[in-house]
Every structure is written in C-alpha cells, then in structure tokens.
Amino acid sequence: MRIAYLDTISGISGDMTLGAFIAAGVSIENLKSELQKLGLSGFELRTEAVTRKGIAAIKLTVEITDQPKYHRHLKDIHQIIGGSSLNQKVKENAKKIFYELVVAEASVHNSTIEKIHFHEVGALDAIVDIVGTAICLDLLHIERIYSSPIKLGSSGFANTEHGKMPIPTPATVELLKDYPIVLTDIPFELTTPTGAAIIKALSGGIITFEKMKVQKIGYGAGSRDMGEIPNLLRLFVAELLLGSSEEDSVIVETNIDDMNPEIYPYVIEKLLEAGAHDAYLIPIIMKKGRPGILLSALTSKSNLNNIAEVFFKQTTTLGLRIKEVGRKKLLRSSKLLCTSLGEVKVKVVIDGGRERIVPEFEECKRIANHFNIPLIEVYKIIEKEIAGKPESPEMMY
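As a starting point, this report considers the structure included with it. (Residues numbered from 1 in each chain as written. Predicted model: local features only at pLDDT ≥ 70, side-chain atom pairs only at ≥ 80, totals over all residues. Heavy atoms only, no water.)

**Points about the overall build of the protein**
Consideration 1: Scanning the protein from terminus to terminus reveals 11 helices and 19 strands.
Consideration 2: Sorting the 397 residues of the protein into buried and exposed places 49% on the buried side.
Consideration 3: Accessible area of the protein: about 19,500 Å², with a carbon and sulfur share of 52%. (Helix = DSSP H or I, 4+ residues; strand = E, 2+ residues; numbered from the N terminus. Buried < 20%, exposed > 50% of the residue type's maximum accessible area, 1.4 Å probe, protein only. Areas by Shrake-Rupley, 256 points an atom, 1.4 Å probe, with all protein chains shown as cover.)

**Examining the pattern of salt bridges**
Consideration 1: A complete count under the given rule lists 14 salt bridges for this structure.
Consideration 2: For the salt bridge of Lys 37 with Glu 34, the shortest nitrogen-to-oxygen distance reads 3.0 Å.
Consideration 3: Lys 37 gets classed as partly exposed once you look at its relative accessible area, which sits at 31%.
Consideration 4: When salt bridges with common partners are traced through the structure, they connect Glu 253, Arg 321 and Lys 323 into a single cluster. (Salt bridge = Lys/Arg side-chain N within 4 Å of Asp/Glu carboxyl O.)

**Considerations on the packing of aromatic side chains**
Consideration 1: A full pass over the atoms with the stated rule returns one aromatic pair.
Consideration 2: Plain terms: the ring middles of Tyr 5 and Phe 236 are 6.0 Å apart, the flat faces sit at 50 degrees to each other, and that makes the pair tilted. Taken together, the positions of Tyr 5 in strand 1 (residues 2-7) and Phe 236 in strand 13 (residues 232-240) put the pair 231 residues apart, joining distant regions of the chain. Assigned by exposure class, Tyr 5 and Phe 236 land together as buried. (Phe/Tyr/Trp six-rings, centres within 6.5 Å; stacked < 30°, edge-to-face > 60°.)

**Description of the environment of Leu 190**
Consideration 1: Residue position: Leu 190 is located in the loop between strand 10 (181-183) and helix 7 (193-202).
Consideration 2: Along the primary structure Leu 190 and Leu 152 are separated by 38 residues, whereas in three dimensions their C-alpha atoms are 5.3 Å apart.
Consideration 3: In this structure, Leu 190 is in contact with Ser 10, Gly 11, Ile 12, Lys 151, Leu 152, Gly 153, Thr 184 and Met 226, ignoring residues within four places of it in sequence. (Contact = heavy atoms within 4.5 Å.)

**Observations regarding the packing of helix 10 (residues 361-371) against helix 11 (residues 375-388)**
In a pair of packed helices, the angle between the axes and the distance between the axes together describe the arrangement.
Consideration 1: Packing of helix 10 against helix 11 leaves a shortest axis separation of 9 Å and a crossing angle of 115 degrees. Comparing their axes, helix 11 and helix 10 come out roughly perpendicular. Handedness of the helix 10/helix 11 crossing: right-handed. Where helix 10 approaches helix 11, its residues Phe 361, Cys 364, Lys 365, Ile 367 and Ala 368 are matched on the opposing element by Leu 375, Val 378, Tyr 379 and Ile 382.
Consideration 2: Of the residues assigned to the contact of helix 10 with helix 11, the class counts are eight nonpolar, no polar and one charged. (Axes fitted to C-alpha atoms, helices over the stretch in contact; angles between N-to-C directions. Parallel < 35°, antiparallel > 145°, perpendicular 65-115°, else oblique. Left-handed = near helix turned anticlockwise from the far one by under 90°. Nonpolar A, V, L, I, M, F, W, Y, C, P; charged D, E, K, R; others polar.)

**Overview of the packing of helix 2 (residues 28-35) against helix 5 (residues 124-139)**
Consideration 1: Relative orientation of the contacting elements helix 2 and helix 5 amounts to 120 degrees, with a least axis distance of 10 Å. As judged from the angle between their axes, helix 2 and helix 5 are oblique. As helix 2 runs across helix 5, the sense of the crossing is right-handed. Listed contacts from helix 5 to Asn 30, Leu 31, Glu 34 and Leu 35 of helix 2 are Val 128, Val 131, Gly 132, Ile 135, Cys 136 and Leu 139.
Consideration 2: By residue class, the composition of the contact of helix 2 with helix 5 is seven nonpolar, two polar and one charged.

**Some words on the side chain of Ser 147**
Consideration 1: Among the secondary structure elements, Ser 147 is positioned in strand 6 (residues 144-147).
Consideration 2: Classification of Ser 147 by relative accessible area gives buried; the value is 0%.
Consideration 3: Separated by 2.7 Å, the side chains of Ser 147 and Tyr 179 make a polar contact.
Consideration 4: For Ser 147, the residues in contact, after removing those within four places along its chain, are Tyr 5, Leu 6, Tyr 179, Ile 199, Ser 203, Gly 205, Ile 206 and Ile 207. (Polar contact = N/O pair within 3.5 Å; in protein donor to acceptor, adjacent residues only side chain to side chain.)

**Describing helix 5**
Consideration 1: The terminal C-alpha atoms of helix 5 lie 22 Å apart, and with 16 residues this matches the ideal 22 Å at 1.5 Å per residue to within 8%.
Consideration 2: Counting buried positions along helix 5 gives 13 out of 16 residues, so the element sits mostly inside the fold.
Consideration 3: Following helix 5 by one or two positions, His 141 adopts a phi angle in the positive range, close to 60 degrees. (Expected span 1.5 Å × (residues − 1).)

**Topic: the nonpolar core**
Considering soluble globular proteins, one finds that nonpolar side chains tend to be buried as a cluster.
Consideration 1: Residues Leu 31, Leu 35, Leu 45, Phe 98, Val 131 and Leu 235 are the most contacted members of the largest nonpolar core, which totals 58 residues.
Consideration 2: If one sorts the elements of this core by residue count, helix 5 sits on top with nine residues.
Consideration 3: Counting residues in each nonpolar core, the second largest holds 17 residues, with Met 259, Ile 268, Ala 276 and Ile 293 among its members. (Core = buried A, V, L, I, M, F, W, Y, C linked by side-chain atoms within 4.5 Å.)

**What to know about helix 9 (residues 304-314)**
Consideration 1: Looking at helix 9, one finds that the buried residues are Leu 304, Ile 307, Ala 308, Val 310 and Phe 311. For helix 9, the arc enclosing every buried residue in end-on projection is 155 degrees, short of the 170-degree limit, so these residues lie on one face. Opposite the packed face of helix 9, turned more than 90 degrees from it, sit the exposed residues Asn 305 and Lys 313. (Arc of directions from axis to C-beta.)

**So, the environment of Val 50**
Consideration 1: Tracing the backbone through its elements, the reader meets Val 50 in strand 2 (residues 43-52).
Consideration 2: Once the C-alpha coordinates of Val 50 and Gly 222 are considered, the two residues, 172 residues apart in sequence, prove to be 10.0 Å apart.
Consideration 3: Beyond its immediate chain neighbours, meaning those up to four positions away, Val 50 contacts Ile 55, Ala 56, Ala 57, Lys 59 and Ala 221.

**Comments concerning unusual backbone geometry**
Consideration 1: Even without glycine at this site, Asp 178 takes up a positive phi of about 70 degrees.
Consideration 2: Relative to the helices and strands, Asp 178 resides in the loop between helix 6 (170-175) and strand 10.
Consideration 3: One non-glycine residue, Lys 288, adopts positive backbone phi at about 65 degrees.
Consideration 4: Within the secondary structure, Lys 288 sits in the loop between strand 15 (278-285) and strand 16 (291-300).

**Comments concerning the pairing of strand 6**
Consideration 1: Residue alternation in strand 6 divides its side chains into two sets, Arg 144 and Tyr 146 and Ile 145 and Ser 147, and both sets are buried.
Consideration 2: As judged from the four bridges shared by strand 1 and strand 6, these two strands associate in the parallel manner. Along strand 6, the bridge assignment pairs Leu 6 with Ser 147.
Consideration 3: Pairing geometry for strand 6 and strand 11 (residues 203-206), over two bridges, is parallel. Across the sheet, residue Ser 147 finds its bridge partner in strand 11, namely Ile 206. (Pairing = 2+ DSSP bridges.)

Rendered as structure tokens:
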C-alpha cells in the first residue's frame with residue numbers, strides 16, 4: 001500500500017503540506033494545471049528553495065491578486081469543487097476536508113453547518129491549499145495518509161477574522177479531538193485549522209514502528225523562524241509492507257472495592273480523553289468475599305504517565321499493575337457517505353487488502369436524535385444501503 005506519512009516536526013499548515021509534496025516530486029506545473037480546473041482566478045503559486053537549520057526545503061506561497069469581498073458557505077465550496085473538471089477522487093478528498101472544517105467551526109461558534117460561512121477557510125488561499133493537497137495525493141497515487149502526533153503551540157495569540165484567538169485556536173483544537181497531539185511551549189501557531197482539517201479528514205491515524213519502504217522524502221517550509229527547531233513538515237512517500245500496524249502497549253489496572261459505582265463511567269471517559277486505546281470494568285470478588293471492580297486501561301507506553309495520573313486523581317486506588325502487551329490493529333480511516341439519512345461518517349477498515357465499511361456509533365446516535373427514530377433502525381438503514389450500494393462516486397464525498 002502506497003502511503004504518505006506526515007512528520008509534523010513543527011506542526012502542519014496547508015502551504016507547508018503543498019511545499020512538502022512539491023519537494024517530494026509533484027510538478028508545480030502539473031499542480032497549477034489541475035488547479036485551473038476550478039475555474040477560479042485571482043491567485044498565483046510561487047515556490048522558493050530554502051533551508052531551515054541546514055535542511056533543504058520548499059517554501060510555497062499562495063499569492064492572492066484579487067480576493068473576493070464576500071464569504072463563502074459550504075454549499076458554495078461544493079459548487080466550485082463539484083462543478084470543476086477535477087477527477088472524482090480529488091473532489092471527494094477536498095470536500096471531506098472542507099466538511100471537517102465547517103463542522104469544527106459550527107461547534108466552536110454554536111451554529112450549524114448550513115449557517116457557518118467561511119472566513120480564512122473560504123478564502124482563495126485556503127481553497128488552493130485544500131484542493132491542492134487533494135490533487136497532490138492523486139498525482140502521487142497515495143492510498144492512505146498517516147502522521148506523527150500533531151505538534152501545537154500552547155501560548156500566544158493568532159490574528160483571525162474574529163480577532164485575536166488563543167493558540168492553539170479553538171477550531172484547531174476541535175478538529176484534533178481524539179487525535180494524538182503534542183503541546184509545546186512554542187508561542188506560535190504551529191498547526192493551522194487547514195492543516196488540522198487535512199489530518200482530521202484524511203489521516204488513518206498514528207503509526208509507529210511499521211515496516212515501510214521509503215520512496216520519496218519532501219520537506220515543506222513554514223515562514224517563521226522557530227529558534228532551535230526547524231520550521232518544517234516532513235513527508236515520506238512510502239510503501240507500507242504490513243497489512244496491519246503493530247505497537248508496544250501497556251495495560252494499566254487496579255482492583256477497587258471502596259468507590260461509589262456512579263463514578264466509574266466518568267473515570268472511563270477521562271481515561272479515553274487522556275489517550276487510552278480502551279478502558280473497561282470487570283466485576284470481581286476480592287478478599288473476605290467483598291465485591292469489587294477490576295478497572296483496566298490499554299494505552300501506549302509513551303502515554304503511561306497520563307493514564308496513571310487519571311487513575312490516581314479520579315479513583316480511590318493506591319497502586320497500579322502495569323503489564324507490557326503487544327498490540328496489532330487493522331489499518332483504518334474514515335470517509336463520508338451520502339445516504340437516504342444524509343451525510344454519514346463511517347469507518348473504513350482494511351482487512352486482507354479489502355475495505356470493510358462500519359457505521360460510527362456517534363454518527364448513528366446523531367441521526368437517530370435528529371430524525372427521532374430508534375438507533376437500531378439507523379444502523380439497519382445504513383448497513384442495508386452500504387450492502388446494496390457498492391462504493392461509488394454517487395455514494396461518496
């Protein structure tokens with residue numbers, strides 16, 4: 001499987017992503033030619049060979065020559081992309097990224113995806129960054145994207161259309177919920193909403209220790225001098241040699257017999273928020289015949305301290321057992337399907353080289369509440385449509 005691995009040395013943004021793809025072999029002329037299919041004017045692409053801490057990289061700049069004086073809604077973006085002569089896969093990926101952006105903006109501003117209008121996101125440079133990323137993936141025949149944990153700044157403010165926003169910005173944080181991040185003490189916006197949306201929409205997650213044959217490497221440069229850290233995004237174009245990913249994990253567990261049982265669901269929620277792969281309860285009989293609970297969490301070795309902190313802070317335990325275990329998981333990603341119930345986000349699992357589509361619980365719950373129908377019926381409808389409609393451009397974004 002041909003993959004793109006994004007190593008977020010100092011975060012990720014749209015222009016850094018495009019710069020990395022060009023450095024990895026995408027022709028700037030081919031990219032420009034494909035972008036012309038959008039039928040938009042008022043922008044130019046400029047590339048510059050630069051060095052960051054002695055590392056050669058490409059700095060891409062989207063120069064706006066005629067910025068429209070109005071804001072675009074999601075339907076406007078879809079009309080631009082859908083009405084273009086770009087191929088279907090490029091359209092799907094670009095729409096996925098914009099969809100994640102609008103969902104995040106709607107959440108941050110307590111609005112709906114229909115009412116949200118884009119500021120920075122709908123500007124020409126963002127359209128170029130997002131559609132350009134989808135084009136580059138297609139030109140390099142990338143099947144899946146993976147990344148390192150996403151680097152974020154953690155102090156200072158960023159200037160936006162809404163005024164000064166704390167770093168990381170609310171939209172960026174919203175987009176990266178449930179995705180591994182690294183908060184740094186760098187007082188700059190390392191990861192932009194556009195960069196976070198690319199990860200949210202297209203990344204299959206974090207992979208470590210995989211066997212891969214690297215074919216191309218590209219570095220995309222940011223504008224700002226980051227001090228001791230090179231302001232770069234590194235792209236590996238590689239052949240993934242495993243049908244599944246493997247990682248070293250630990251099981252953290254403890255026996256508890258003196259805690260209010262109403263607290264356990266909250267503790268499990270906190271464990272998952274802290275990065276646990278899984279958390280669960282098992283009823284047990286402890287010494288002197290007392291009923292108790294075995295509370296367990298599965299996490300990566302690097303995240304052990306965060307999980308241990310939740311155990312000690314949120315429960316009555318005085319000690320933990322820690323066991324090293326191997327973990328093997330099927331490769332997965334997500335995509336949007338168009339169904340009779342509207343757009344539905346589903347999980348795509350790669351099993352034996354074939355895709356298996358699985359409805360997401362939270363999406364099914366949202367639809368059940370929206371249409372006021374039983375949750376089990378939502379599952380039946382979506383599963384029936386998945387089985388009856390093989391993957392096609394009409395079904396997918």
